Amino acid sequence: MSIETGLRGDGDAVGGASTSTRRPGVATAAPSTASAAGIALPRGEAALWDGLSRALLLGLLILAALTFLSYGISTDEEVQHIYGKKLLSYYLSGFQDRSAFHFKDLAYYGGLFDLVTAVIVPFSPFEEYETRHLLCALVGVLGIAGTWRYTRLLAGPRAGFIAAALLSLSGVYYGAMFNNTKDVPFAAGMVWTLYFATRILKQMPRPSRSAVLKFGLVLGLTLAIRVGAVLAGFYLAVAMAMHFALVTQQEGRRWALVDARRAFLSLWPAVPVAYVIMAVFWPWVVQRPFRNPLEALRVVSHFPIDIQTLFMGELVHSNTPPALYLPVYLAVKLPEAVVIGVGVAVVMAAVWLARGGWRRTGAFTVVRYTPLVLAGFLPILLFVLMRPSVYNGIRHFLFLAPPMVVMAAIAADRLWSLCQRGGRALGQTFAAAMTVVGVVYAWQLGAMHPNQYVYYNQFVGGVRGADGKFELDYWGNSLHEALQELVEYVERENDGHAPPRQYTLTVCGNTLAVRFELPPWLRLVNGIEPDWRKADFFLAFTQVKRCPSLLDGHPILEIAADDVPLSIVKDRRPPRADIPTE
């Protein structure tokens, strides 16, 4: 027998039936269709918000399919793609080719995305990096879907739609969806682990086999990207400990032990499922089943790298970052609505607790929100205390964006409900204000396409205010667009045709972003080639300040975001009259 632990049942629908039964003499919360974040919605309105959420996801899939070719190859993708091929070779060679385990530092990371891509590329109608970008975009949309489902589970369909929309309109996430093939899949996996962990908590002490196995599956897949996914298991463990503490307080130690035994018997299958899935896509851990995962956790927590990264106008060392590096970057990279929403959510939660809300609606509501609170704030606290290696802003902590968005969406949904209680006009005004904010964010991201990931909010003055103070185009994504415009520029000179001679190009920045896009009449000369300083064209990104001035020439093209140059192209050819025809 179990104490009634919730205001809603196991399903996502508001007012779903609870699977638990009451114990005699135990005070429980009255059954209700209201969520902890706001009032319940009529069934028709709930269906409307679910329909809007699904329409949004479909629209994102279509948009991704139409635009994935616009994004450049990131600086990490080449080694990751090679890693995936080596993992595939490990299996195709009958476990004899172990080169993947000694390839740079990639063995410390799971190969889920890279191995799957290596399997798909031979059958894909697109080039290998184009295939990676499309697959990454699809995984990114899956992360938005997980954010929707998770928020819906906690606070209802309207809050779920708000969360999906906010994450879709977050440039730091949306812009990374197409070529950040490590951090986006990890963020997507983490939010799904939170969803299934909360499903389990709603069904305590005897969670369904479906929820348990799905949690194990998603946890294993996320571990197969980065070992940091162990945090998801910790979040669930803490919430369960709180659950049993409350059972002990309300019913006694005997019933708490009974519930703990039932929960353990129900949950244990998740562990082997997670480990097996992780091992399939990260076979390095199997070589030493217990030692290697711990070694990976140790290494990635304090990665042995020391590069300079820009923070508040100063270059700081990545292995000794300032304590405020991550909090400040989160405050300026996430949309204003998310940052403010998180603050409002914290204030609302504090007021709710201070007024004894947990006594009125059930202390177990706090248990369900525990994974969300831990997922949103514990990594920040650990960063401030441990100061691990970090660079490129919040790239390595992109998994914090979904839980932050979830908190902001729940706060927005609650504020909307409060406005509706004040009258229809007030509720409509709030809805109109949110719509305007969404339109502004969509316009901003559209204007920045395909460099949305360099987005900064107005707390720092947008991209213009962040220029020279924070990291911008660290991937060199804009080089891809600059090359395309250069090709069009030269072909326009020749009436839309290829030029009659071959030109040379020198690039200061991520050469990988242009290497696979060069037309036959344009040859890349870089670094070790003796004539690189005599190149006809010079392409440079502004992330490294010395790049644009490395070579002279006539500026002809500029790729910018919010009027801030990200990449420039210089024409270094002699005057037209002196250009040879052969």
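Given the structure is predicted, the values throughout are model-derived calculations rather than measurements.

**Student:** Tell me about the packing of aromatic side chains, residues and numbers included.
**Tutor:** Going through the model one piece at a time under the given rule, you end up with 29 aromatic pairs. Here Tyr-174 and Phe-178 contribute two aromatic rings whose centre-to-centre distance is 5.5 Å and whose plane-to-plane angle is 75°, an arrangement assigned as edge-to-face. Here Tyr-174 matches Phe-178 in class, with each residue buried. Site record: aromatic cluster; members linked through ring pairs are Phe-311, Tyr-325, Tyr-329, Tyr-456 and Phe-470. Over the ring of Tyr-503 we find Arg-573; its NZ or CZ atom is 5.1 Å from the centre of that ring.

**Student:** Explain the environment of Pro-555 to me, and be specific about the residues and the numbers.
**Tutor:** Take Pro-555: it is sitting in strand E6 (residues 554-561). A residue is classified by how much of its surface remains accessible, and Pro-555, at 53% relative accessible area, is exposed. Along the backbone, Pro-555 and Lys-570 are 15 residues apart, and their C-alpha atoms lie at a distance of 4.2 Å. When near neighbours in sequence (up to four residues on either side) are disregarded, Pro-555 contacts Val-569 and Lys-570.

**Student:** How would you summarise the pattern of salt bridges if you had to cite specific residues and measurements?
**Tutor:** Applying the stated criterion to the full structure yields 18 salt bridges. Among the ionic pairs, Arg-464 bridges to Asp-562, the shortest N-O distance being 3.1 Å. With Arg-464 in helix H20 (residues 462-466) and Asp-562 in the loop between E6 and strand E7 (564-571), this residue pair connects regions lying 98 residues apart in the sequence. Take Asp-562: its relative accessible area is 32%, and that puts it in the partly exposed class. The salt bridge involving Arg-573 is made with Glu-493; its shortest N-O contact spans 2.8 Å. Of this pair, Arg-573 sits in the segment after E7 while Glu-493 is found in helix H21 (residues 478-493), placing the two residues 80 residues apart along the sequence. Given the relative accessible area of 24%, Glu-493 is considered partly exposed.

**Student:** An account of a nonpolar patch on the surface is needed here, citing residue identities and associated values.
**Tutor:** On the surface, Leu-58, Leu-61, Ile-62, Leu-66 and Leu-138 cluster together to form a nonpolar patch covering roughly 480 Å² of accessible area. Tallying contributions element by element places helix H1 (residues 43-67) first for the nonpolar patch, with four residues. In this structure, Leu-138 sits in helix H4 (residues 128-155). Under the relative-accessibility criterion, Leu-138 is labelled partly exposed at 39%.

Rules and cut-offs
Residues numbered from 1 in each chain as written. Predicted model: local features only at pLDDT ≥ 70, side-chain atom pairs only at ≥ 80, totals over all residues. Heavy atoms only, no water. Phe/Tyr/Trp six-rings, centres within 6.5 Å; stacked < 30°, edge-to-face > 60°. Buried < 20%, exposed > 50% of the residue type's maximum accessible area, 1.4 Å probe, protein only. Lys NZ or Arg CZ within 6 Å of the ring centre and 35° of its normal. Helix = DSSP H or I, 4+ residues; strand = E, 2+ residues; numbered from the N terminus. Contact = heavy atoms within 4.5 Å. Salt bridge = Lys/Arg side-chain N within 4 Å of Asp/Glu carboxyl O. Patch = residues over 30% accessible without salt bridge, like charges linked within 9 Å, V, L, I, M, F, W, Y side chains within 5 Å. Areas by Shrake-Rupley, 256 points an atom, 1.4 Å probe, with all protein chains shown as cover.

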